[in-house]
Amino acid sequence: MAGVTGAWWPGEVLAARGAGGSPRVRIPHLAALLAVLAALAACAGSAPAAPPPPAAPPSVDGLPGMPPVTDPHNVYAATGPTMLSEPAKAAVPRVYVPHTKTGEVWVIDPATFTVVGRHRLGGELQHVVPSYDMTTLYATDDTGYRVTPFDPTTGEPGPSIPVTDPYNMYFTPDGRSAISVAEARRELVFYDPHTWQQQDVLPTPDCAGIDHADFTADGRTAVFSCEFAGRVAVVDVASHRLLRMIDMPVRNTTMGPQDVKLAPDGSVFYIADSEQNGLWVLDGAATTVLRQIPTGHGAHGLYLSRDAKRLFVTNRHAGSVSVLDAYTGAVLTTWPIPGGGSPDMGNITADGTQLWLSGRYDSAVYVLDTTDGRLIHKFDVGEGPHGLCVWPQPGRYSLGHTGIMR
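Please read these numbers as outputs of a predicted model, since none were measured by experiment.

Trainee: I'm lost on the state of the cysteines in this one. Help?
Mentor: Simply put, the disulfide is a covalent bond whose two ends are the sulfur atoms of two cysteines. In this structure the tally under the stated criterion is one disulfide. Between C207 and C226 runs a disulfide, and the two sulfur atoms are separated by 2.0 Å. Taking the sign of the S-S torsion, -100 degrees for the link of C207 and C226, the bridge is left-handed. On the criterion of sequence distance, the pair formed by C207 in the loop between β14 (198–203) and β15 (210–215) and C226 in strand β16 (residues 221–226) is long-range, its members being 19 residues apart. Assessed through its relative accessible area of 0%, C207 is described here as buried.

Set out below in structure tokens:
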């Protein structure tokens, strides 16, 4: 300890000799010395301690076989404008417009705003639905009990496939089943999506007008709207079992609950209700209705911007589109369609710049700028345009309808 003077020692001096002359150091003094040396080392420029690593976001325990959720704050994180899968890249950009009254699918080139195909299939065509693997588009016909596949690389239809009452169609998040929403029969009919062999039937007798759907963030639960019963049906995806029915606070039964959309963070479901002129907000576990959000007369279709920050609500009777914060539900603005109209179903273009919508009661298709709601183009089409599909869409897989991508 040469070179350390008594000035550095508090209290009693350095050391004392014990019996036999052996040196001993008093512990309080030694501790003080070590503290001083540590302080000197810090003053000499020791590097500060590294900050702790950021906490990892909570993981989502997904349905077995479902692609993992990469961002729990945004289950649509894989649907950005450049995130096209290989099948989507192979598709020719087209917009498919099914008609309930004329039994036709019109095919539009979105680059030139020209109709490049008209396919008369017959029946009552409701929606054009992308398959889970995005290799096929299906036009659903709920009066002819069939779906007609379209090849998205050519825009041409193939031979029809028998399916029970396909008013609408969805795919389970694990890709194991196609679900025909048999509205008239009050059933969900499960099919192998490759062979179209029937797997199961789930009766939903208390869900009159079973219609639109979406899935929880973990893919384990589905919520189906019941348009003519003023409620929703909550279904276990793996077991094909009805878990519960949830009544809306006001049970509208003429044109009640319509489209369903999960918030990006999975915290709530938004449920459009045409008669309520707005949205119901259901908790993310699908147990309780939390509140309502007024939007406009005839609230119907729900679509997300490419960054999943905005939710577009089509107000079919008001002839307008409400723009909401997709996370909070706050209404940001409303875009009236010049001259009015009946905006119904549709989707966003792959680059996120345009919102295409069918005008169901006006034999029209509208194209809106997603920046300011400006009407870019309006088409005159056949009678009863309905579940319009914009293709291709970004994403890893399709849950059906007119393109619910994740």
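Back to the write-up after that little detour.
Trainee: Is there a simple way to explain the nonpolar core in this structure?
Mentor: Core analysis: the largest hydrophobic core is formed by 68 residues, its most contacted members being L188, W196, F224, Y270, L279, L282 and L311. Ranked by residues supplied to this core, first place goes to strand β20 (residues 268–273) with five residues. Not counting chain neighbours up to four residues away, the residues in contact with W196 comprise Y138, I161, V163, M169, A178 and Y191. Counting 14 residues, the second largest nonpolar core, distinct from the first, contains L121, M134, L137 and M405.

Trainee: What is the right way to read the environment of S160 from this model?
Mentor: Note that S160 resides in the loop between β9 (156–157) and β10 (161–162). Here the alpha-carbon distance between S160 and T140, two residues 20 residues apart in the chain, equals 9.7 Å. With residues near it in sequence (within four places) discarded, S160 still touches R146, V147, T148 and P149. A polar side-chain atom of S160 sits 2.8 Å from a polar atom in the side chain of T148.

Trainee: Looking at this structure, how should I read the side chain of S398?
Mentor: By the element assignment, S398 lies in the segment after β31 (389–391). Accessibility expressed as a relative area gives 0% for S398, which makes it buried. At 2.9 Å, the side chain of S398 forms a polar contact with the backbone oxygen of P130. Here S398 is in contact with P130, S131, Y132, M134, F171, I404 and M405, once residues within four sequence places are set aside.

Trainee: Looking at this structure, how should I read the packing of aromatic side chains?
Mentor: Each aromatic ring pair is described using two quantities: the centre-to-centre distance and the angle formed by the ring planes. Going through the model one piece at a time under the given rule, you end up with nine aromatic pairs. Aromatic rings pair up to connect F113, W356 and F379 into one cluster.

Trainee: Sorry, what's going on with the sheet that holds strand β11 (residues 168–171) here?
Mentor: Remark on secondary structure: sheet strands pair via backbone hydrogen bonds, oriented parallel or antiparallel. The four strands lie next to each other as β11-β12-β13-β14, forming an open sheet whose pairing is antiparallel. Each edge of the sheet is formed by a strand with only one pairing partner; in this case those strands are β11 and β14. With strand direction ignored, the average angle separating the axes of adjacent strands in the sheet is 20 degrees. Here strand β13 (residues 187–191) pairs with β14 via five bridges, running antiparallel. Along β14, the bridge assignment pairs L188 with L202.

Trainee: Hey, could you run me through the pairing of strand β21 (residues 278–283) in this one?
Mentor: Both faces of the sheet carry side chains from a regular strand, because those side chains alternate between them. Along β21, six of the six residues are buried, which leaves the element largely enclosed by surrounding structure. Between β20 and β21, which pair antiparallel in sequence order, lie four residues; one of them, N277, sits at a positive phi of approximately 60 degrees. Sheet topology note: the β21/strand β22 (residues 289–294) ladder contains five bridges and is antiparallel. Of the residues in β22, the one forming a bridge with L279 is I293. The hairpin turn running from β21 into β22, its antiparallel successor, is five residues long, and A286 in that turn takes a positive phi close to 60 degrees.

The rules behind the values
- Along every chain, residues carry numbers that run from 1 in the direction the sequence is written.
- Local features are withheld for residues below a pLDDT of 70 in this predicted model, meaning they are given only at 70 or higher, and side-chain atom pairs are given and counted only at 80 or more; totals for whole chains, interfaces and linings count all residues.
- Heavy atoms from the whole structure form the basis of all side-chain values; hydrogens and water molecules are not counted.
- Whenever a pair of cysteine sulfur atoms sits within 2.5 Å, that pair is classed as a disulfide.
- Helical segments are the DSSP runs of H or I of at least four residues, strand segments are the runs of E of at least two, and each set is numbered from the N terminus.
- Relative accessibility decides the category of a residue: with a 1.4 Å probe and only protein chains considered, values under 20% of the type maximum give buried, values over 50% give exposed, and everything between is partly exposed.
- Buried residues of nine kinds, namely Ala, Val, Leu, Ile, Met, Phe, Trp, Tyr and Cys, make up a nonpolar core once their side-chain atoms join them within 4.5 Å.
- Contact definition: two residues touch when any of their heavy atoms are within 4.5 Å.
- By the criterion applied in these results, polar contacts are pairs of N or O atoms within 3.5 Å in which, for protein atoms, one can donate a hydrogen and the other can accept it, and in which residues neighboring in sequence qualify only through two side-chain atoms.
- Here a pair means two rings of Phe, Tyr or Trp (six-membered ring of Trp) with centres within 6.5 Å. Their orientation is stacked below 30 degrees between planes, edge-to-face above 60, and tilted elsewhere.
- The pairing criterion for strands is at least two bridges between them, as found by DSSP.
- Only the contacting stretch of a helix is used when fitting its axis, a line to C-alpha atoms as for every element, and angles between N-to-C directions run 0 to 180 degrees.

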